[in-house]
Amino acid sequence: MKRGTLLRVALGTVLLALVLRPAWFAWVFAPFAPEGGPIIYERASLLSLSLSHLGLVALASTAATLVAVTLAILVTRPAGAAFLPLSRTITNMGQTFPPVAVLALAVPSLGFGSGPTLVALFLYGLLPIFENAITGLSTLPPATMEAARGIGLSRRQRLVRVELPLALPVILTGIRLSVVIALGTATIGSTVAARTLGEVIIAGLLTNNTAYVLQGGLIVGLFAVLIYDAMVQVEAFLFRRLGGQPSETSE
Amino acid sequence: MVPGMVALAAGLVLGLQLAWPWLRLAGAALGLAGLVWLVSQGAPALLVGAGDYARVSPGAGFWCLLVVLALLMADALSNLSPGPFTRAGLLAVVLALLALLLQSGVLSDLSIMQEYASRQDAFRDATLRHLGLAFGSLATAAAIGLPLGIVCHRRAGLRRALLPILSFMQTIPSLAMFGIMIPLLGWVGDAVPGAKAIGIAGIGFAPAFLALVLYSLLPVVANMIAGLQSTPPAAREAARGMGMTEWQRLIRVELPLGLPVILAGLRIVLVQNIGLAVIAGLIGGGGFGTFVFQGLNQTATDLILLGALPTVALALVSAIVMDILVELTRPIPEHTP
């Protein structure tokens, strides 16, 4: 655990330095830059690109979480039960759509820029959360549900005080999957002119400047790994508080 | 126009009734036929006297109706929950009809088909390249990951060390992963004699292929372990009681019982790689991504569709086929409600 914390702090520091003081790393990237070409990406500040990237992901994931959990609650109530098989089919088939294809298909209808990227991130982000929320809400221990009914909780109280807290770890796993996919898809979003860190990588690919590619790749990769790790930690913490046994493999 | 409209309306009416799922399925099929008929009749009618450079492409209404009808069909099918053989049959019929439709040339007036006609050779190359990337990386990942899974199943220490590394690797956004592969393989191509000759270079097929293999390892290894661990203790005990050696138990008990879970891992990998292979288009790796990104650069919707639609279709078909395989390998059929 100790070593893990140390590694996290180290990686976090490297990431901050890469974003805030890119010039410090000129000597690292210099061998990859073309002869006499620029080494450090300077067309836009890396900080503003990072903030815009993370902002897009946060906005899309929050909206996706709200909508997906609401929908999952609706289809697991008796009134919405007729839609349960269909929603299972939709999430199964929908997740076979490649995120890039969703992004590419959003462009003809919505145009270029951050808008279509946001819509694509939101739509695609719905599926893992929805799927996990359905699983979480429909696989609750029957004994607990019976007990909740027995002590006289109303439907709404059962939902808020029993079902949602019990399903929370599974829902959080869905949110984590969705955020990871969103981070990756947002990177590709720069091909449709969204302001994200992918811009750095794409600029490198277009000008044959491997230094840019590596710089962008490292920043995006570190962000993804650290965010993923933080979410795993939050899940483990909540799981311990709910009194569960953490599973050995966290998939 | 009229027969198409009638078929579409009749299909929607049939599709919206609640009682008989088979009729809903038929309604959706009828509606789709009407939609196709309308498009095939509408395109030439619009092109009359419109000049050589005129193009016709279906508008938002077509796509909305297509989605609605597909949803109707999905709903009917999920209510019927057909067995694996019925599903395979339905898939074959749908694919045959689609092939017939594209071959017959009734849609050739649409602009996406004209894009296709002018790029037939490039399209064939892209298809082969895309399939090569997706299936090649699947095969490589299986060749590495399946034995690795068996070893991890036996040694808990290795399992605890390896799985987190693999899952972190999967978190890295694809574009970043492809980007990091470029200098790495470029260096290998320069440093190792003979590596360039077999096509290892910073740009192109090699970095895309390697990135896909790395992404595939987690689902393959994790599902292999989960599959082997899913053997009921009683079965394992019985196998030991019969005097089977460790290898015999693995081959004759644990692997057959874990097969559905292992195949489910391969399904995840295949679908994921078909999607990720699109991004190879950005680093010169070929595949349908070439069309998608060319189209995005030129704001040519038809070119985007020419790359995106086959990818989606390929992913859907492989998901359905793999699902059927998973169900066939299940020792006791699972009854889904």
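As the structure is a computational prediction, the values presented were derived from the model and not from experiment. Sequence positions are assigned chain by chain, starting from 1 and proceeding in written order. By the order in which they are written, chains take letters starting at A while ligands take numbers starting at 1. For this predicted model, a pLDDT threshold of at least 70 governs which residues receive local features, and a threshold of 80 or more governs which side-chain atom pairs are given and counted, while totals over whole chains, interfaces and linings are taken from all residues. Just so you know, side-chain values use all the structure's heavy atoms and leave hydrogens and water out.

A. Focus on unusual backbone geometry. In the Ramachandran plot, Ala 193 of chain A falls in the positive-phi region, its phi being about 70° despite a non-glycine side chain. Tracing the chain through its elements places Ala 193 of chain A in the loop between helix H8 (155-188) and helix H9 (198-206). Secondary structure elements follow DSSP: runs of H or I of four or more residues count as helices, runs of E of two or more count as strands, with numbering from the N terminus.

B. Layout of the nonpolar core. For our purposes a nonpolar core is just a set of buried Ala, Val, Leu, Ile, Met, Phe, Trp, Tyr and Cys residues, chained together by side-chain atoms within 4.5 Å. Relative accessibility thresholds used throughout: buried, under 20% of the residue-type maximum; exposed, over 50%; partly exposed, between the two (1.4 Å probe, protein chains only). One finds Tyr 41 and Ile 219 of chain A together with Met 177, Phe 178 and Ile 279 of chain B to be the most contacted residues of the largest nonpolar core, which totals 71 residues. Contacts between residues were defined by any pair of non-hydrogen atoms, one from each residue, lying within 4.5 Å. Residues in contact with Met 177 of chain B, not counting those within four places in the same chain, are Met 169, Ile 172, Ala 211, Leu 214 and Tyr 215 of chain B. Within the second largest apolar cluster, 29 residues are counted, among which are Phe 130, Ile 134, Val 179 and Ala 224 of chain A.

C. Structural detail: the packing of aromatic side chains. All names here are of chain B. What counts as a ring pair is set by centres within 6.5 Å for rings of Phe, Tyr and Trp (its six-membered ring), and what kind of pair is set by the plane angle: stacked under 30 degrees, edge-to-face over 60, tilted for all other angles. Under the defined criterion, the tally for this structure stands at 6 aromatic pairs over all chains. Ring plane angle 75° and centroid distance 5.0 Å describe the contact between Phe 62 and Trp 63, whose orientation is recorded as edge-to-face. Residue classification places Trp 63 among the partly exposed residues on the basis of a relative accessible area of 30%. With centroids separated by 5.6 Å and ring planes inclined at 40°, the aromatic side chains of Phe 123 and Phe 288 adopt a geometry described as tilted. Here Phe 123 is found in helix H6 (residues 120-154), whereas its partner Phe 288 is found in the loop between helix H11 (246-276) and helix H12 (289-297), with 165 residues between them in sequence. Residue Phe 123 is classed as buried on the basis of its relative accessible area of 16%. Through a chain of ring-to-ring contacts, the aromatic side chains of Tyr 116, Phe 123, Phe 288 and Phe 291 assemble into a single cluster.

D. Geometry of the pattern of salt bridges. Residue and element names in this part refer to chain B. Only one rule defines a salt bridge in this text: a Lys or Arg side-chain nitrogen within 4 Å of an Asp or Glu carboxyl oxygen. Using the criterion set out here, one finds 12 salt bridges over all chains in the structure. Here Glu 327 ties to Arg 87 by a salt bridge, and the two come within 2.6 Å at their closest N and O atoms. Taken together, the residues span a long stretch of sequence, with Glu 327 in helix H13 (residues 301-329) and Arg 87 in helix H4 (residues 84-104) at a distance of 240 residues. Residue class for Arg 87 comes out partly exposed when judged on its relative accessible area of 23%. One salt bridge connects Glu 254 with Arg 154, and the closest N-O pair in it is separated by 3.7 Å. With Glu 254 in helix H11 and Arg 154 in helix H6, this residue pair connects regions lying 100 residues apart in the sequence. Taking relative accessible area as the criterion, Glu 254 reaches 5% and is therefore assigned buried. We classify Arg 154 as partly exposed; its relative accessible area is 36%.

E. Structural context of the domain arrangement of chain B. Residue and element names in this part refer to chain B. Residue ranges for the domains originate in an automatic or database domain assignment. We note that the domain assignment places domain 1 (2-115) and domain 2 (120-329) within chain B. For domain 1 and domain 2, the distance between their C-alpha centroids amounts to 33 Å. At the interface, 12 residues of domain 1 touch 12 residues of domain 2. We define buried area as the total accessible area lost by two parts upon association, computed with a 1.4 Å probe and summed across both. Here domain 1 and domain 2 share an interface that buries about 1100 Å² over both sides, 76% of which is from carbon and sulfur atoms. At the boundary of domain 1 with domain 2, the tally comes to 1 salt bridge.

F. Just helix H7 (residues 156-171) of chain B, in detail. Here the expected length of a helix is defined as 1.5 Å per residue gap, with one fewer gap than residues. The end-to-end C-alpha separation of H7 of chain B is 23 Å, in line with the 22 Å expected for 16 residues at 1.5 Å each. Those residues of H7 of chain B that sit buried are Arg 159, Leu 162, Leu 163, Leu 166, Ser 167, Met 169 and Thr 171 of chain B. Buried-residue contacts for H7 of chain B involve H8 and helix H10 (210-241) of chain A together with H6, helix H8 (174-191) and helix H9 (205-229) of chain B.

G. Up close: the interface of chain B and chain A. Of the residues lining the interface, 43 residues belong to chain B; the matching set on chain A comes to 43 residues. With both chains or domains summed, chain B and chain A bury close to 3400 Å², and 83% of this area falls on carbon and sulfur atoms. Counting every contact that joins chain B to chain A gives 0 salt bridges. Listed by contribution, the elements that provide at least two residues to the side of chain B that touches chain A are helix H3 (60-80), H7, H8, H11, H12 and H13 of chain B.

H. Here's a closer look at the packing of helix H1 (residues 2-16) of chain B against helix H2 (residues 21-47) of chain B. All names here are of chain B. Two elements in contact, H1 and H2, have axes whose closest approach is 7 Å; the angle formed by their N-to-C orientations is 155°. As judged from the angle between their axes, H1 and H2 are roughly antiparallel. Considering only the axes of H1 and H2, their crossing is left-handed. Along its contact with H1, which presents Pro 3, Gly 4, Met 5, Ala 7, Leu 8, Ala 10, Gly 11, Leu 14 and Gly 15, the element H2 presents Leu 23, Arg 24, Gly 27, Ala 28, Leu 30, Gly 31, Gly 34, Leu 35, Trp 37 and Leu 38. Across the contact of H1 with H2, the residue classes break down as 12 nonpolar, 6 polar and 1 charged. Where helices are involved, their axes are fitted lines through C-alpha atoms of the stretch in contact, as for all axes, and angles between N-to-C directions lie from 0 to 180°. Any angle that is under 35 degrees is reported as roughly parallel, and any over 145 degrees as roughly antiparallel; angles of 65 to 115 degrees are reported as roughly perpendicular and all others as oblique. Should the near helix be turned counterclockwise from the far one by less than a right angle, the crossing is left-handed, whereas a clockwise turn marks it as right-handed. When residues are sorted by character, Ala, Val, Leu, Ile, Met, Phe, Trp, Tyr, Cys and Pro go into the nonpolar class, Asp, Glu, Lys and Arg into the charged class, and all the rest, Gly among them, into the polar class.

I. Quick look at the side chain of Asp 302 of chain B. Residues and elements named next belong to chain B. One can find Asp 302 in helix H13. Overall, Asp 302 belongs to the buried group, its relative accessible area being 15%. Those residues in contact with Asp 302 that lie beyond four places of it in its chain are Arg 55, Ser 57, Ser 111, Ile 112 and Glu 115.

J. Quick peek at H1 of chain B. In this model, H1 of chain B (15 residues) spans 21 Å end to end at C-alpha, consistent with the 21 Å of a helix rising 1.5 Å per residue. Structurally, H1 of chain B contributes buried residues whose contacts are with H2 and H3 of chain B.

K. Geometry of the environment of Asn 223 of chain B. Residue and element names in this part refer to chain B. Structurally, Asn 223 can be placed in helix H9. Taking the relative accessible area as the measure of exposure, Asn 223 reaches 16% and is therefore buried. C-alpha separation for the pair Asn 223 and Arg 240, spaced 17 residues apart in sequence, amounts to 24 Å. Excluding residues that lie within four positions of it along the chain, Asn 223 makes contacts with Leu 218, Val 261, Ile 262, Ala 264 and Gly 265.

L. Spatial organisation of the confidence of the model for chain B. Confidence of the predictor at the level of single residues is given by pLDDT, which spans 0 to 100. Summarising the model, chain B shows a mean pLDDT of 83, and 94% of its residues fall at 70 or more. Element-level pLDDT for chain B is lowest in H1 of chain B, with a mean of 75, against a maximum mean of 91 in H6 of chain B.

M. The arrangement of a nonpolar patch on the surface in detail. Residue and element names in this part refer to chain A. A patch consists of residues exposed above 30% relative accessible area that lack any salt bridge, with like charges linked at up to 9 Å and nonpolar side chains (Val, Leu, Ile, Met, Phe, Trp, Tyr) linked at up to 5 Å. Each accessible area value is a Shrake-Rupley result obtained with a 1.4 Å probe; residue values ignore everything except the protein chains displayed when judging cover. There is a patch of nonpolar side chains on the surface, built from Leu 16, Leu 20, Leu 47 and Leu 51 and spanning about 380 Å² of accessible area. Among the secondary structure elements, Leu 16 is positioned in helix H1 (residues 2-20). Using a relative accessible area of 52% as the deciding quantity, one classes Leu 16 as exposed.

N. View of the packing of helix H3 (residues 46-76) of chain A against helix H6 (residues 114-138) of chain A. Two elements in contact, H3 of chain A and H6 of chain A, have axes separated by 7 Å at closest approach and are oriented at 40°. For the element pair H3 of chain A and H6 of chain A, the recorded crossing hand is right-handed.

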